[in-house]
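# Geometric and topological summary
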Amino acid sequence: MSSSSLIPTIPSSTSRILTHSHSPTILPHFRYSLKLLSKCRTNFRPSLRKSHPPRASPVGGSDPSVTNEPPVDEARAAISDFLRDYGVSQSDADEISLKSPRFLKMVVDGVSELEELSLWGSWGGGSVETMSFKEKVGRMMEEKGDGGKVAFLESIGLSLSSAMNVSRYLSSETLPNLILKVKSMKEIFASDRDDDHVIGRNALRMMTCLSIPVDDDIQQVLSFFEKIAAKRGGLEMLGSKDASFRYLIESFPRILLLSVEFHIKPMAKYLESIGVPQGCLRNVLLVYPPIIFYNIKMDISPRLLNLRKIGAADKDFGKMLIKYPWIMSRSIQENYESILYLFETYRVPKESVDRAVKSWPHLLGCSTVKLRAMVECFIDLGVNSKKLGQVIASCPQLLLRKPQDIAKVVLFFEELAFDKESVGKTLGRCPEIFAAKIDKTLSKKLKFLKSIGLSKHLLPRLIKKYPEVFVSDIDKTIIPRMKYLTTSGLSKREVAIMVHRFAPILGYSIDEVLKPKLEFLVTTMEKPVSEVVEYPRYFSYSLEKKIKPRFRILKGRKIECSLKDMLAKNDEEFAADFMGISRILIPPPLPPSS
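What counts as what
- Residues numbered from 1 in each chain as written.
- Predicted model: local features only at pLDDT ≥ 70, side-chain atom pairs only at ≥ 80, totals over all residues.
- Heavy atoms only, no water.
- Axes fitted to C-alpha atoms, helices over the stretch in contact; angles between N-to-C directions.
- Helix = DSSP H or I, 4+ residues; strand = E, 2+ residues; numbered from the N terminus.
- Parallel < 35°, antiparallel > 145°, perpendicular 65-115°, else oblique.
- Contact = heavy atoms within 4.5 Å.
- Nonpolar A, V, L, I, M, F, W, Y, C, P; charged D, E, K, R; others polar.
- Buried < 20%, exposed > 50% of the residue type's maximum accessible area, 1.4 Å probe, protein only.
- Arc of directions from axis to C-beta.
- Polar contact = N/O pair within 3.5 Å; in protein donor to acceptor, adjacent residues only side chain to side chain.

### Brief notes about the packing of helix H28 (residues 510-524) against helix H30 (residues 543-556)
If you want to describe how two helices pack, look at the angle between their axes and the distance between the axes. Across the interface, H28 lies against H30 with an axial gap of 12 Å and an inter-helix angle of 10°. When the interaxial angle is binned, H28 and H30 end up roughly parallel. Residues Pro516, Lys517, Phe520 and Thr524 of H28 form the contact with H30, whose participating residues are Leu543, Ile547, Lys548 and Phe551. Of the residues belonging to the contact of H28 with H30, the class tally is five nonpolar, one polar and two charged.

And the structure:
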């Protein structure tokens with residue numbers, strides 16, 4: 001079996017992107033036995049001492065009665081010296097030799113194999129046989145012909161087989177330059193953000209939402225994702241700082257042929273200039289690696305300008321690119337016209353479509369067949385064309401769901417005694433509800449509302465008046481407001497009554513609405529806090545424009561009335577009832593000064 005068989009077959013999806021094919025120099029007489037080939041295709045243990053039976057030390061001058069395993073430290077030192085001869089610094093050489101155990105094992109096994117078969121004489125005469133073990137390791141590496149690149153690639157995390165595969169395409173690169181490239185690229189991919197899980201989830205969402213024919217760039221990315229998904233940890237590993245760079249090099253080795261100074265760094269700087277923060281560069285590059293090979297003037301700039309037709313401004317480019325890096329693909333951009341034509345048939349304004357795409361650019365990866373199915377689902381619930389534009393503009397992610405998902409939410413509301421018309425009105429008012437998960441969100445909120453004292457027969461009325469309660473955070477929004485009201489002198493039962501009478505109170509800001517209005521009620525108006533139980537809508541009126549002016553009028557006339565009588569009336573009714581005039585007189589504007 002020839003040594004060339006050690007090099008694995010390149011997958012077709014990868015071979016398309018590797019345009020520089022170079023094979024390492026391997027001398028005809030450099031042969032591995034079947035035993036060694038088998039070892040190269042298995043997972044080697046880092047420790048070499050468990051892999052070899054005791055044998056006589058190959059170092060001359062030792063006591064023949066003493067048996068030793070191959071001197072690993074000596075072999076590691078030989079690798080380090082070999083790398084130093086190729087211009088690698090001492091610290092880098094030592095680190096590479098320490099972090100490439102499988103390469104070291106392969107070389108040591110090769111030396112031992114030739115010794116067992118007495119084949120060293122065929123490597124250049126008798127002088128080779130008198131070499132020390134360390135010198136033989138150096139000779140073995142020299143004859144291998146990769147210049148230490150395989151050892152280096154393993155040291156940065158690649159498997160031995162992947163390292164051998166990738167090194168074939170780097171023959172034009174010197175090892176010191178390759179080390180510098182990797183260090184520079186790792187700095188670009190570095191991030192101090194705690195968002196490792198976000199990258200994998202976004203990649204999964206992008207794959208799930210894709211339903212159109214795509215170009216070669218997206219095909220390569222899909223192949224990349226599939227390889228990672230097959231590994232332990234799945235796509236979540238895409239955000240791993242240690243593993244993601246290794247996966248990237250394995251699938252896109254041509255990256256290591258790019259110039260750091262004239263391509264990689266200018267690319268990173270350009271992406272930052274359009275709104276992609278340095279810490280988010282990897283969110284773009286790992287999810288859409290082909291962009292790394294793009295030319296800024298010829299590829300990226302024209303495609304960004306093409307986004308202007310959806311109403312995107314310069315400040316939007318970075319945000320959209322982080323959300324959906326595939327937006328740089330030609331096939332994704334070309335799908336916009338089809339989507340726009342689809343919504344035109346439903347008389348949805350272009351502004352609504354553009355707003356939806358800017359907010360959720362994932363829509364550009366959806367086929368019109370999929371989108372039409374969702375639109376028909378909305379129309380079936382009674383959402384008209386005018387309301388349809390509002391729905392997709394305010395909650396575009398709803399279009400990424402499936403009709404059966406909407407059907408489940410409809411069933412949830414029907415179990416609460418909602419008819420089809422009421423469900424449609426709820427969809428038009430708060431479409432975010434239909435994008436929520438029933439078990440994790442809707443059922444949880446329903447259970448909470450029951451726990452605060454709202455009976456089942458009261459819930460439909462509350463939800464119809466304030467469906468936003470289903471998309472309010474219980475721990476961060478609802479509970480803090482309830483706690484504030486109870487600490488202000490109201491009982492839990494009174495708060496429950498207030499919520500039933502005016503549910504939007506659960507969404508009002510404590511510092512900007514509840515607190516100042518309650519303090520004015522008690523301190524200035526000198527009314528008991530229980531007044532708001534009878535008329536919780538009090539919190540909905542402007543303190544400066546309505547509550548204070550009307551209170552001053554009533555106080556000036558020494559009139560006592562309830563909060564409802566004070567605030568529920570319009571201006572004409574208030575003037576007639578409390579001021580003795582048919583309407584509030586507004587003084588005419590002053591004449592212009594001379």
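Okay, back to it.
### As for H28
Residue pairs spaced three or four apart in an α-helix point in one direction, given the helix's 3.6 residues per turn. For H28, every residue scored as buried is listed here: Val513, Leu514, Lys517, Leu518, Phe520 and Leu521. Buried residues of H28, viewed axially, fall in a sector of 155°; they line one side. Every exposed residue of H28 that faces more than 90 degrees away from the buried side is listed here: Asp511, Glu512 and Thr523. Buried residues in H28 make contact with helix H26 (474-487), helix H29 (531-534), H30 and helix H31 (563-567). The opening residue of H28 is serine 509, an N-cap whose side-chain oxygen sits 3.5 Å from the backbone nitrogen of aspartate 511.

### Quick word on unusual backbone geometry
A positive phi angle, close to 55°, is found at glutamate 526, a residue other than glycine. Among the secondary structure elements, glutamate 526 is positioned in the loop between H28 and H29. Here glutamate 526 falls in the exposed class, since its relative accessible area comes to 67%. Located in the positive-phi region is lysine 558, a residue other than glycine, with phi close to 55°. Assignment of secondary structure puts lysine 558 in the loop between H30 and H31.

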